[in-house]
Amino acid sequence: MKRLSVITCLLAGLLLSFLPSKAQNDQQNNEKAWTAYMTPGPIHKMIAAADGEWDFEMTAWMQPGAPPSKSKGTAVNKMILGGRYQETHNKAQFMNMPYEGIGMLAYDNAKKVFQSTYMDNMGTGIMNMEGTWDETSKSIEFKGISVDPSTGKDLRMREVFRLVDNDHQTMEMYCDINGQEMKMMEIQFTRKKK
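Residues numbered from 1 in each chain as written. Predicted model: local features only at pLDDT ≥ 70, side-chain atom pairs only at ≥ 80, totals over all residues. Heavy atoms only, no water.

(A) Fine view of the side chain of Arg158. Structurally, Arg158 can be placed in strand 8 (residues 153–165). Looking at Arg158, its side chain comes within polar contact range of the side chain of Glu141, at 2.8 Å. A polar contact of 2.8 Å, which involves the side chain of Arg158, links it to the side chain of Glu181. Setting aside residues no more than four positions away along its own chain, Arg158 makes contact with Met129, Glu141, Phe142, Lys143, Glu172, Met173, Tyr174 and Glu181. (Helix = DSSP H or I, 4+ residues; strand = E, 2+ residues; numbered from the N terminus. Polar contact = N/O pair within 3.5 Å; in protein donor to acceptor, adjacent residues only side chain to side chain. Contact = heavy atoms within 4.5 Å.)

(B) A look at the pairing of strand 4 (residues 97–108). As paired strands, strand 3 (residues 85–94) and strand 4 are joined by ten bridges and run antiparallel to one another. Paired with Ala92 across the two strands is Tyr99, which belongs to strand 4. Turn length for the strand 3-strand 4 hairpin, with the two strands adjacent in sequence and antiparallel, is two residues, and the turn residue Met95 shows positive phi of about 55°. Strand direction decides the pairing type here: strand 4 and strand 5 (residues 113–120), joined by eight bridges, are antiparallel. (Pairing = 2+ DSSP bridges.)

(C) Structural context of the packing of aromatic side chains. Counted under the stated rule, the structure contains four aromatic pairs. Centroid distance Phe94 to Tyr99: 6.2 Å. Interplanar angle 70°. Geometry classified as edge-to-face. Residue classification places Phe94 among the buried positions, given a relative accessible area of 9%. The aromatic ring of Tyr174 is capped on one face by Arg158, whose charged end is 4.4 Å from the ring centroid. (Phe/Tyr/Trp six-rings, centres within 6.5 Å; stacked < 30°, edge-to-face > 60°. Buried < 20%, exposed > 50% of the residue type's maximum accessible area, 1.4 Å probe, protein only. Lys NZ or Arg CZ within 6 Å of the ring centre and 35° of its normal.)

(D) Highlighting the pattern of salt bridges. What the rule picks out here adds up to ten salt bridges. Here Lys111 ties to Glu130 by a salt bridge, and the two come within 2.8 Å at their closest N and O atoms. Of this pair, Lys111 sits in the loop between strand 4 and strand 5 while Glu130 sits in strand 6 (residues 127–134), placing them 19 residues apart in sequence. Across the salt bridge formed by Glu135 and Lys138, the nearest N and O atoms sit 2.2 Å from each other. Judged by relative accessible area, which is 48%, Glu135 ranks as partly exposed. Take Lys138: its relative accessible area is 35%, and that puts it in the partly exposed class. (Salt bridge = Lys/Arg side-chain N within 4 Å of Asp/Glu carboxyl O.)

(E) Main features of the layout of surface pockets. Counted as a void, the second largest pocket has a volume near 160 Å³. For the second largest pocket, the full set of lining residues is Tyr37, Met38, Thr39, Pro40, His44, Arg84, Tyr85, Ala106, Tyr107, Asp108, Asn109 and Gln115. Of all the elements in the fold, those that place two or more residues in the lining of the second largest pocket are helix 1 (2–38) and strand 4. Among the elements that take part in the lining of the second largest pocket, strand 4 stands out by supplying three residues, more than any other. In terms of residue class, the lining of the second largest pocket is made up of six nonpolar, four polar and two charged. (1 Å grid on protein atoms, 1.4 Å probe; cavity = no way out; pocket = protein on both sides within 12 Å on 5 of 7 lines; lining within 4 Å. Points joined across faces, edges and corners; volume = space filled by probe spheres on them. Nonpolar A, V, L, I, M, F, W, Y, C, P; charged D, E, K, R; others polar.)

(F) Molecular detail of the environment of Thr59. Its location among the elements puts Thr59 in strand 1 (residues 52–60). Classification of Thr59 as buried rests on a relative accessible area of 15%. As for Thr59 and Lys70, which are separated by eleven residues in sequence, their C-alpha atoms are 4.6 Å apart. What Thr59 contacts, discounting residues up to four positions off in sequence, is Pro68, Ser69, Lys70, Met184, Met185 and Glu186. Within the local environment of Thr59, its side chain forms a polar contact with the side chain of Lys70, the two groups lying 3.3 Å apart.

(G) Region of interest: the pairing of strand 8. Relative to strand 8, strand 7 (residues 139–148) runs antiparallel, the two being bridged by ten bridges. Residue pairing across strands places Glu141 opposite Val160, the latter belonging to strand 8. Counting the residues that bridge the hairpin from strand 7 to strand 8 gives four residues, and of these Gly152 lies at a positive phi of roughly 80°. In terms of strand pairing, strand 8 meets strand 9 (residues 168–177) through eight bridges, oriented antiparallel. Bridge assignment links Asp165 to a residue of strand 9, and that residue is His168. Where strand 8 folds back on strand 9, the antiparallel hairpin that results is connected by two residues.

Structure representation (structure tokens):
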């Protein structure tokens, strides 16, 4: 009986000595994962290259077949929180009213996706989208939801944001109307000359 107690104590000691080392390894792995998650990388540098002031020309279609509305405006992009996110402020005249919008662009290191939020003075909600990079077309295709103010229901959205070159970008926005995709907006961005 005494021998069985000694063996049980030895096994318990071995088990206890193993558990802290596993917990320690788990903690080290978690710390490495968090460090990788929070550290801006090459994609964040690519986003930061668009920092600065831009002029834009916007064409918007309010309904299928209707003539588009055109306007001009400005955008200011700025990386924030240590180069982790890009904040955008847009101003224009749209539908004979002052227009202002604020967007946030992120690249999530863990999920490996771009994330975008946008809000403006033409509504009271926030549009949320996620997208992936296409190296061939130098573009991000975002998909997400906004709201249809006439029904209060979710509205599926798609956006294609293209890096034409260092001084030019385009954005096309589409929404789903009764199962049909409709182009609702196109914006041509040109970097302001210093």
